[in-house]
Amino acid sequence: MSTDSDDPKVLVSTGWLAAHLNDPDLRIIDATWFLEPGRDARAEYMAAHIPGARFFDIDEIADKRSELPHMAPQPEMFISRMRAMGIGDGHQVVVYDNSPVRSAARVWWTFKLMGKQDVAVLDGGLGKWLAEGREIEDMPPILRDRHITVQRQAALVRDVTQVAAASKLADHEIVDARSAERFRGEAPEPRPGLRSGHIPGSKSLPFGRLYNADGTLKPAAELRAEAAGVDLSKPVITTCGSGVTAASLFLALERIGHRDHSLYDGSWTEWGSFPDLKIATGDA
């Protein structure tokens, strides 16, 4: 069954999705993506997915002009890919994943960036769906082209120049979703060639602290407690390694009612590769 906390624009429960599974205007997306090598998200989707789910390849539906990994796609690419996937205007979209980095939040943010409001993350993802013994299938859905319009929301994304200015002026809270060890510069980056540390003036809030053991997002009161070191009266810029886990911070901010936040798409993969950009280490 659905719960009082279901919000089809942010987060819905497995009970809500089960109740709406046969709605004609529901579209489900498997947004699983892995940072670690050795796992094939598309192959896992083909083997088992929630009925009707389409697979969204974060690395493929991306800005190919950029040397950075999976940067947000141009609106034209997003339109063409979504039309081909049968996702369009008038659809309620639910995004899930089966990934330790909670990649569904990244695809949810991409839809928001394109001006689509009726899109939610499945709370607990495929793991919770499977744990509850709910239906899965291994057949891809029949896709029918659907018209889609987008209106890119530039305020939801930040580039390196904007983040550098925010770091210097201290007029935003920059919040980093990477592990505390990576933030402090004590652990190496998973991508070779990057310096270790963090953006000066940024705060550490590892994305894993936002979730319960079953992969569900913590209640709003607990999310606020986790963000106790962040001044929520300021605009917030979320960042991470490459823009994926930063989307979990963005999701949590939406969940607690914060309304002025954006995501640094290049994140540390960009910042850490530029020798002329200042870095900080330790907790400050």
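It should be noted that the structure appears before, not after, this text.
Here the structure is a predicted model, which is why all the values come from computation and not from measurement.

**Student:** Would you mind going over the pattern of salt bridges with me for this structure?
**Tutor:** One pass over the full model with this rule turns up 21 salt bridges. For D57, the salt bridge is made with R42, and the minimal N-O distance between the two is 3.5 Å. Residue D57 is located in the loop between β3 (54-55) and α3 (75-84), and its partner R42 is located in helix α2 (residues 41-47); the two are separated by 15 residues in the primary sequence. We note a salt bridge from R184 to E181, for which the minimum N-O separation is 4.0 Å. Note that R184 and E181 are positioned in helix α7 (residues 180-184) at a spacing of three residues, about one turn of the helix.

**Student:** Sorry, what's going on with helix α4 (residues 104-113) here?
**Tutor:** Helical geometry note: an α-helix holds 3.6 residues per turn, so side chains three or four residues apart project in the same direction. Of all ten residues in α4, ten are buried; the element is thus mostly enclosed. Those residues of α4 not exposed but buried are A104, A105, R106, V107, W108, W109, T110, F111, K112 and L113. One or two positions beyond α4, positive phi appears at G115, with a value near 85°.

**Student:** Please clarify how the nonpolar core should be interpreted in this entry.
**Tutor:** Within soluble globular proteins, side chains that are nonpolar tend to cluster in buried spots. With 52 residues, the main nonpolar core has I29, F56, M82, W109, F111 and L251 as its most contacted residues. Of all the secondary structure elements, the ones that give two or more residues to this core are α3, β4 (92-96), α4, β5 (119-122) and α9 (246-255). The residues touching M82, leaving out its near neighbours within four places in the chain, are F56, I61, I87, F111 and I148. Core analysis: the second largest hydrophobic core is formed by 18 residues, L21, F34, A120 and L122 among them.

**Student:** Hey, could you run me through helix α6 (residues 160-169) in this one?
**Tutor:** Along α6, the residues that are buried comprise V160, V163, A166 and S167. Seen end-on, α6 carries its buried residues on one side only, within an arc spanning 125°. Exposed residues on α6 whose side chains face more than 90 degrees from its buried face are T161, K168 and L169. The N-capping residue of α6, defined by a side-chain oxygen 3.2 Å from the backbone nitrogen of T161, is D159. Downstream of α6 by one or two residues, A170 has phi in the positive range, about 60°.

Reading the values: rules and limits
- Residues numbered from 1 in each chain as written.
- Predicted model: local features only at pLDDT ≥ 70, side-chain atom pairs only at ≥ 80, totals over all residues.
- Heavy atoms only, no water.
- Salt bridge = Lys/Arg side-chain N within 4 Å of Asp/Glu carboxyl O.
- Helix = DSSP H or I, 4+ residues; strand = E, 2+ residues; numbered from the N terminus.
- Buried < 20%, exposed > 50% of the residue type's maximum accessible area, 1.4 Å probe, protein only.
- Core = buried A, V, L, I, M, F, W, Y, C linked by side-chain atoms within 4.5 Å.
- Contact = heavy atoms within 4.5 Å.
- Arc of directions from axis to C-beta.
- Polar contact = N/O pair within 3.5 Å; in protein donor to acceptor, adjacent residues only side chain to side chain.

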